[in-house]
Amino acid sequence: MEINFKNKLRYRFEKYLNKSGVSIFVSLFLVFIVFFIVIIGLRILILHFAYAGPDPDYNGINDDIWRTWLMMTDPGNMNQDNKMSMWTKVSSILAGVVGVIIFSSLIAFITTFLEKIFYNLRKGRGPVMEKDYTLILGWNERVVDIIKELIIANESENSASVVILALEDKEGMDDLIANRISDTKTTRIVTTTGDFSNINELKRVNISEARSVILLSKCSENSEIDKKLSSDVLSIKTIMAIISCQNGKNELPIIVEIFTEEKRELISFFKDDNIIALDSWDIMGKLLAQTSLTSGLEMVYNEMLSFEGCEVYFYKADWEGVSFGELPFHFKDGVPLGLYNEKDGLKLRPVKDYVMTPEDQVVILANDDSTINFKSTPLLTPVDLTISGKEKVRKSKNILILGWHNVGEVFIRESYDYLSKGTKMDILFNHPTVELVAKVDEMKNKYESFEITLTNSNPMELGDLQSINPFEYDNIIILSQNTGELNSDKIDSDTLIILLLLRNIKQESGTQVTTNIITQILNSENQEIITQTDVDDFIISNKLITMILAQLSETPLIKKLYDDLFSEDGSEIYVKPTDLYFSKFPQTLRFGDLIGLTAKREEICLGIRKGNLSRDNSSNFGVRLNLPKDEIVIIQADDYLVVLSEDEL
């Protein structure tokens, strides 16, 4: 029985100590007080039965209490008993020894506890009390660009916040953000370290008060398949944790990057429109294919997807029986792209005679949501112009692909829907891997009307480039030179070298070339360098994807627009030559007249691209969207119209 009692007592004491650091502090303090009382009692007993000593300063029991306290907290105070008896000095020694052991333990515990508090504060382990904020879970190279977009989106708010929960070191995150973003305007950036798939960590950042969640992948597209699968599995686990924090019912827009089709299908089982799974590189491949057909499209998307300049909004009003064809002229700011209602979903470019109903929201490209204002009477009546009636002819193309990336497969797949039989795709890659050879063979069988070849050649060698006469091709697509390279700056550096080599070949040829050069730029900070190399279009991969992620976090409904725009079926944006609309030049007219003219081709005019500014970075390469409808524009033969259309013809 005695053994059982001791075990139980020890077990309960261990449980008490394991509760928290406070229990250890309380235990040590109680032990200190017990010994303090015992030693005082011992001194009183000694002085009661023995001579105190010839100390004229000794004043009885009050001195016993005070001297014992001093000796236990600082053994150096034992000299106060120098004139006391030997037995009293024994109690002094005991007080000093006990004090050294217990009081030092207390001080050590307090020091450790405070260090832990400061460590947690420095590492971002404290609770986050932000409300109505955007929560970013995870950390990759897209974080800074996402924050930049959200800062722009929050400019109209007096106080906004973005919280980042990641496994990265807080100091490292803070330093990188501070170095890359000098002015956060009205937005606070809060970083904290923790496992974002853990329910307790999500509660610590007050996820119930978040406005939306952006869940980033933990690896890049160039990573091996097992790492991609691991990233996807972690994302799905995190989604489930987010839902659990909301008592099983998700109310938050969750924007997540998913690499594999299998895991995107698994996310669809949630049957939650608030959970949006993006295949970033599938979008990039589609944009690459569309850009290869129509030069300048990248600049159009760059403006539409960014919170700077024009944006797409969903707007509802009392339409008063106005038809969709009349709708553009009832807005001072904004070009309607289509309509949306719960019953029929999204419809871009509805027929001109469609009469707007009270349930309809208009999908409109405008400068700001505050400037969208429907007027019951038209602000402008377009001039009835005669259209040229000319049409482009769909034809085959010769395309040179320098390097390879998984996005290249998406590009060829999408191009198969746009380009006619006989299109030639030549891929140059230095020492192609067995996997790449097998992939090209698979694409040859799958896309039989295309002539696809793979050549073992180094695009970064001038002689190898010259030998294939690159400017005899219609398009040159530059991708990664190493399928296993993960560093975005290294990939961009290789791209820059190839562009410089191509410029040298072009200058030495001395002939006029019409080849369009299109390339990926992974790091948006390299944009200005790339523009010095005569490239026609460039896809800033990370930047465009971050724009989409940021916009979806603010307006999840816009995903329906992207699904339509980035698919071959339905409506897409094209930059078309003006000779499809006019027979002679120049033409002087209002932008509203251009909207009326393009409607005759069942198209919607979004803006213009000036040919003489197509290489001017400061003028957005000549692209202007959503001009004032009464603005006078002069259209030249080398200009283009930016239109929403069914096809490029």
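Everything discussed here concerns the structure shown above.
Cut-offs and rules
- Residues numbered from 1 in each chain as written.
- Predicted model: local features only at pLDDT ≥ 70, side-chain atom pairs only at ≥ 80, totals over all residues.
- Heavy atoms only, no water.
- Salt bridge = Lys/Arg side-chain N within 4 Å of Asp/Glu carboxyl O.
- Helix = DSSP H or I, 4+ residues; strand = E, 2+ residues; numbered from the N terminus.
- Buried < 20%, exposed > 50% of the residue type's maximum accessible area, 1.4 Å probe, protein only.
- Pairing = 2+ DSSP bridges.
- Axes fitted to C-alpha atoms, helices over the stretch in contact; angles between N-to-C directions.
- Parallel < 35°, antiparallel > 145°, perpendicular 65-115°, else oblique.
- Left-handed = near helix turned anticlockwise from the far one by under 90°.
- Contact = heavy atoms within 4.5 Å.
- Arc of directions from axis to C-beta.
- Patch = residues over 30% accessible without salt bridge, like charges linked within 9 Å, V, L, I, M, F, W, Y side chains within 5 Å.
- Areas by Shrake-Rupley, 256 points an atom, 1.4 Å probe, with all protein chains shown as cover.
- Expected span 1.5 Å × (residues − 1).
- Core = buried A, V, L, I, M, F, W, Y, C linked by side-chain atoms within 4.5 Å.
- Phe/Tyr/Trp six-rings, centres within 6.5 Å; stacked < 30°, edge-to-face > 60°.
- Lys NZ or Arg CZ within 6 Å of the ring centre and 35° of its normal.
- 1 Å grid on protein atoms, 1.4 Å probe; cavity = no way out; pocket = protein on both sides within 12 Å on 5 of 7 lines; lining within 4 Å.
- Points joined across faces, edges and corners; volume = space filled by probe spheres on them.
- Nonpolar A, V, L, I, M, F, W, Y, C, P; charged D, E, K, R; others polar.

Undergrad: Whenever I open this one, the pattern of salt bridges confuses me. Can you help?
TA: Once the charged atoms of two side chains with opposite charge are near each other, the side chains can pair. In total, this model carries 25 salt bridges according to the counting rule given. Among the ionic pairs, Glu554 bridges to Arg211, the shortest N-O distance being 3.5 Å. With a gap of 343 residues between them, Glu554 in helix H17 (residues 541–554) and Arg211 in strand E4 (residues 210–215) connect regions that are remote in the sequence. Glu554 sits in the partly exposed class, given a relative accessible area of 28%. The residue Lys263 makes a salt bridge to Glu262 at a minimum N-O spacing of 3.5 Å. Judged by relative accessible area, Lys263 falls into the buried class, the value being 11%. Via salt bridges that share partners, Asp132, Glu157, Arg211 and Glu554 belong to a single interconnected network.

Undergrad: Is there a simple way to explain the sheet that holds strand E22 (residues 640–645) in this structure?
TA: Adjacent strands of a sheet form backbone hydrogen bonds with each other and so pair up, either parallel or antiparallel. Judged by pairing direction, the sheet is antiparallel, and its four strands sit side by side in the order E17-E22-E19-E20 without closing on themselves. Where the open sheet ends on each side, the last strands, each with one partner, are strand E17 (572–577) and strand E20 (623–625). Each strand of the sheet is rotated relative to its neighbour by a mean of 30°, with strand direction disregarded. As judged from the three bridges shared by strand E19 (residues 604–609) and E20, these two strands associate in the antiparallel manner. Within E20, the position partnered with Gly607 by the bridge is Leu625.

Undergrad: What is the right way to read the packing of helix H10 (residues 280–293) against helix H12 (residues 406–418) from this model?
TA: Between two packed helices, both the angle of their axes relative to each other and the distance between the axes serve to describe the pair. Running from N to C, H10 and H12 cross one another at 50°; their axes reach a closest spacing of 8 Å. The orientation of H10 with respect to H12, classified from their angle, is oblique. As H10 runs across H12, the sense of the crossing is right-handed. Residues Trp281, Asp282, Met284, Gly285, Lys286, Leu288, Ala289, Gln290, Ser292 and Leu293 of H10 form the contact with H12, whose own contacting residues are Val407, Val410, Phe411, Arg413, Glu414, Ser415 and Tyr418.

Undergrad: Explain the sheet that holds strand E3 (residues 187–193) to me, please; I cannot follow it from the model alone.
TA: With respect to topology, six strands assemble into an open sheet ordered E3-E2-E1-E4-E5-E6, the strand pairing being parallel. Every interior strand has two partners, whereas the edge strands, E3 and strand E6 (275–278), have only one. Averaged over all adjacent pairs, the angle separating strand axes in this sheet is 15°, with direction ignored. By the bridge criterion, five bridges tie strand E1 (residues 133–137) to E4 in an arrangement that is parallel. Its bridge partner lying in E4, Thr134 is registered against Ser212. Docked against the sheet, helix H6 (residues 170–180) engages strand E2 (160–166) and E3, running at close to 150° with respect to E3.

Undergrad: Honestly, the pairing of strand E14 (residues 475–478) in this entry has me stumped. Any pointers?
TA: Two faces, one strand: in a regular strand the side chains alternate between the faces of the sheet. Residue alternation in E14 divides its side chains into two sets, Asn475 and Ile477 and Ile476 and Ile478, and both sets are buried. Two strands pair when backbone bridges link them, and strand E11 (residues 398–402) and E14 are joined in this way by four bridges, in the parallel orientation. In the sheet register, Ile401 faces E14, and the bridge partner there is Ile477. Bridge count for E14 against strand E15 (residues 516–521) is four bridges, and the pairing is parallel. Within E15, the residue paired with Ile477 across the bridge is Ile518.

Undergrad: I tried to follow the pairing of E11 on my own but got confused; where do I start?
TA: Judged by how many residues are buried, E11 sits mostly within the fold: four of five residues are covered. Across five bridges, the pairing between E11 and strand E12 (residues 424–429) is parallel. What sits directly across from Asn398, in E12, is Lys424.

Undergrad: What am I meant to see in helix H9 (residues 261–268) here?
TA: Each α-helix winds once per 3.6 residues, and so residues spaced three or four apart point in a common direction. All buried positions along H9 are accounted for by Lys263, Arg264 and Ile267. Along the axis of H9, the buried positions cluster into a sector of 105°, meaning they face one direction only. Relative to its buried face, H9 has exposed residues pointing more than 90 degrees away, namely Glu261 and Glu262. Close packing links the buried residues of H9 with helix H8 (225–244), strand E5 (254–257) and E6.

Undergrad: What is the right way to look at a nonpolar patch on the surface in this model?
TA: A grouping of Phe25, Val26, Phe29, Leu30, Ile110 and Leu114 is seen on the molecular surface, where their side chains present a nonpolar patch of about 480 Å² in accessible area. Of all the elements in the fold, those that place two or more residues in the nonpolar patch are helix H2 (21–49) and helix H4 (86–123). Of all the elements, H2 adds the most residues to the nonpolar patch, at four residues. Following the sequence through the fold, Phe25 ends up in helix H2.

Undergrad: Before we go on, may I ask you to explain helix H15 (residues 488–509) in this structure?
TA: A rise of 1.5 Å per residue sets the reference length of H15, with its 22 residues, at 32 Å; its end C-alpha atoms lie 32 Å apart and thus fit the reference within 8%. Within the sequence span of H15, burial applies to Ser488, Ile491, Asp492, Asp494, Thr495, Ile498, Leu499, Leu501, Leu502 and Ile505. One or two steps after H15, the chain reaches Gly510, where phi turns positive at roughly 70°.

Undergrad: Any chance you could explain the nonpolar core here in plain terms?
TA: The tendency in soluble globular proteins is for nonpolar side chains to be buried as a group. Counting residues in hydrophobic clusters, the biggest one holds 121 residues, and the most contacted among them are Ile401, Ile412, Ile573 and Leu594. At eight residues, the largest contribution of residues to this core is made by helix H5 (residues 143–153). The residues touching Ile401, leaving out its near neighbours within four places in the chain, are Phe411, Ile412, Met425, Asp426, Ile427, Leu428, Ile477 and Leu479. With 25 residues, the next largest nonpolar core counts Leu215, Cys245, Ile258 and Ile267 among its residues.

Undergrad: In this structure, what is going on with the packing of aromatic side chains? I would like to understand it.
TA: In this description, an aromatic ring pair is defined by two values, namely the gap between the centres and the angle between the planes. In total, this model carries nine aromatic pairs according to the counting rule given. Each ring, one from Trp319 and one from Phe374, has its centre 5.1 Å from the other, and the planes form 80°; the classification is edge-to-face. Here Trp319 is found in the loop between strand E7 (311–315) and strand E8 (335–341), whereas its partner Phe374 is found in the loop between strand E10 (361–366) and E11, with 55 residues between them in sequence. The pair Trp319 / Phe374 is uniform in exposure class, with both members buried. The ring of Tyr581 carries Arg601 above its face, with NZ or CZ at 5.1 Å from the centroid.

Undergrad: Hey, could you run me through empty space enclosed by the protein in this one?
TA: The gaps of empty space that remain are located by a probe, the size of a water molecule, rolled over the atoms. If you walk through the whole model with that rule in mind, you get two cavities of 30 Å³ or more. The space that makes up the largest cavity amounts to roughly 40 Å³. Listing elements by their share of the lining of the largest cavity, those giving two or more residues are helix H11 (297–305) and helix H18 (559–565). Of the residues in the lining of the largest cavity, the class split is eight nonpolar, one polar and no charged. Lining the second largest cavity we find His405, Ser480, Ile491, Thr495, Gln520 and Leu522. Among the residues making up the lining of the second largest cavity, the classes are represented as two nonpolar, four polar and no charged.

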